[in-house]
Amino acid sequence: MTLRVAVIGAAGRMGQQVVEAVERADGLELAGRFDVGDDLGDLGGADVAVEFTVPGATLANVLHCVEQGVHAVVGTTGWTDESMSQVRAALAVQPKVGVLIAPNFAIGAVLTMRFAAQAARFYESVEVIELHHPDKVDAPSGTAIRTAEVIAEARRSAAVPPAPDATTSALDGARGAQVDGVPVHAVRLRGLVAHEEVLFGSPGETLTIRHDSYDRASFMPGVLAGVRGVVDRPGLTVGLEEILDL
Ligand SMILES: NC(=O)C1=CN([C@@H]2O[C@H](COP(=O)(O)OP(=O)(O)OC[C@H]3O[C@@H](n4cnc5c(N)ncnc54)[C@H](O)[C@@H]3O)[C@@H](O)[C@H]2O)C=CC1
Ligand SMILES: O=C(O)C1=N[C@H](C(=O)O)C[C@H](O)C1
């Protein structure tokens, strides 16, 4: 069966790549391209909508998809517990519809989060550095926030004490943002696409886990897996790892 796919945010960096990936993919057909100011309507009769827009627009777009009975694959950042609850409430009245929200569709980024969660309980210190192109509007990245959260969760479960840090005097921002007790630093640099380092330290050793997306092509296999997977997963799924059975 051919799946009809609409792309919301189709004029953006990710949206353009998704349009091309859908057009090239077996068993998928482009149902429509939508960007800012367009009436989403019935999403061109799509079965699935892929949404890569901006944090301020994504919730309304996803709620519209759910109301229309269209499954959604969402890569936009800025999701909170509160906005996800609104999606769950909308899905409760559309029980056949699936929504997948993933902070990162690159397999290496998903594995980085998984490996970081595994390593977290063994080290005293941990810091996350995300590095992106300078046109990115949000910081820290959604991926870095999720990475810090899974690390913090693993450290809590293993009763690891807070990381040592004797710094008592610092310029604002010098120690990064605290995400669930984990310092997260954001670099914006022309030439980069999307990169993340997780640094762990204990007496006498460090462990660095690094992932690099050099091209947005890196996200496309995950997006297409999400499109094919979401139609059989009613309700809200958070994270590509669920679709990949990691
Ligand atoms: N989950 C993942 O794997 C990835 C997530 N992202 C995230 O995806 C989002 C988009 O990233 P980029 O494509 O780089 O941004 P971009 O700025 O290149 O594209 C965003 C597009 O959304 C459009 N847009 C804005 N408001 C809209 C609305 N209300 N309805 C429809 N379209 C609207 C803009 O006109 C623009 O064309 C960001 O939140 C970014 O962090 C980016 C890369 C990978
Ligand atoms: O804006 C980007 O480019 C990216 N955004 C996502 C994020 O904030 O985690 C995913 C990836 O890092 C690229």
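- As recorded in an unreviewed UniProt entry, the protein goes by the name 4-hydroxy-tetrahydrodipicolinate reductase, listed as coming from Jiangella rhizosphaerae.
- One UniProt comment on the protein, placed under Sequence similarities (unreviewed entry), says "Belongs to the DapB family."
- On record in UniProt, under Subunit (unreviewed entry), the comment for the protein is "Homotetramer."

1. Focus on the packing of helix α4 (residues 107–119) against helix α5 (residues 142–157)
Between two packed helices, both the angle of their axes relative to each other and the distance between the axes serve to describe the pair.
Move 1: Orientation of α4 relative to α5, taken along the N-to-C sense of each, is 25 degrees, at an axis distance of 8 Å. As judged from the angle between their axes, α4 and α5 are roughly parallel. As for how α4 packs across α5, the hand of that crossing is right-handed. For the pair α4 and α5, contact is made by Met113, Ala116 and Ala117 and by Thr143, Arg146, Thr147, Val150, Ile151 and Ala154, respectively.
Move 2: Tallied by class, residues from the contact of α4 with α5 come to 6 nonpolar, 2 polar and 1 charged.

2. Let's talk about the pattern of salt bridges
Move 1: In this structure the tally under the stated criterion is 12 salt bridges.
Move 2: Note that Glu23 and Arg33 form a salt bridge whose closest N and O atoms lie 3.4 Å from each other. With Glu23 in helix α1 (residues 13–24) and Arg33 in strand β2 (residues 28–34), this residue pair connects regions lying 10 residues apart in the sequence.
Move 3: Where Arg156 meets Asp180, a salt bridge forms, and the shortest distance between an N and an O atom there is 3.1 Å. Of this pair, Arg156 sits in helix α5 while Asp180 sits in the loop between β7 (177–179) and β8 (182–188); the two residues are 24 residues apart in sequence, bridging distant segments of the chain.
Move 4: The exposed category is assigned to Arg156, whose relative accessible area is 53%.
Move 5: You can call Asp180 partly exposed: its relative accessible area is 40%.
Move 6: One network of salt bridges, with partners in common, ties together Glu127, Asp165 and Arg175.

3. Points about the sheet that holds strand β6 (residues 125–132)
Move 1: The strand order β7-β8-β6-β9-β10 describes an open sheet built from 5 strands, whose pairing is mixed. The open sheet has two edge strands with one neighbour each: β7 and β10 (205–213). Taken over all neighbouring pairs, the strand axes of this sheet differ in orientation by 25 degrees on average, direction set aside.
Move 2: Two elements, β6 and β8, share 5 bridges in a ladder whose sense is parallel. Of the residues in β8, the one forming a bridge with Leu131 is Val187.
Move 3: Its contacts with the sheet place α4 against β9 (194–202) and β10, and it is angled at close to 165 degrees to β10.
Move 4: Here α5 sits on the sheet and contacts β6, β7, β8 and β9; the angle it forms with β6, its principal contact strand, is near 170 degrees.

4. Comments concerning the packing of aromatic side chains
Move 1: Counted by the stated rule, this structure contains 2 aromatic pairs.
Move 2: An angle of 35 degrees between the planes, with centres 5.4 Å apart, marks the rings of Tyr123 and Phe200 as tilted. Residue Tyr123 is located in the loop between α4 and β6, and its partner Phe200 is located in strand β9; the two are separated by 77 residues in the primary sequence. For the residue pair Tyr123 and Phe200, the accessibility class agrees, reading buried in each case.

Reading the values: the criteria
- Residues numbered from 1 in each chain as written.
- Chains lettered and ligands numbered in written order.
- Predicted model: local features only at pLDDT ≥ 70, side-chain atom pairs only at ≥ 80, totals over all residues.
- Heavy atoms only, no water.
- UniProt positions renumbered as here; feature names shortened; annotations may be inferred.
- Axes fitted to C-alpha atoms, helices over the stretch in contact; angles between N-to-C directions.
- Helix = DSSP H or I, 4+ residues; strand = E, 2+ residues; numbered from the N terminus.
- Parallel < 35°, antiparallel > 145°, perpendicular 65-115°, else oblique.
- Left-handed = near helix turned anticlockwise from the far one by under 90°.
- Contact = heavy atoms within 4.5 Å.
- Nonpolar A, V, L, I, M, F, W, Y, C, P; charged D, E, K, R; others polar.
- Salt bridge = Lys/Arg side-chain N within 4 Å of Asp/Glu carboxyl O.
- Buried < 20%, exposed > 50% of the residue type's maximum accessible area, 1.4 Å probe, protein only.
- Pairing = 2+ DSSP bridges.
- Phe/Tyr/Trp six-rings, centres within 6.5 Å; stacked < 30°, edge-to-face > 60°.

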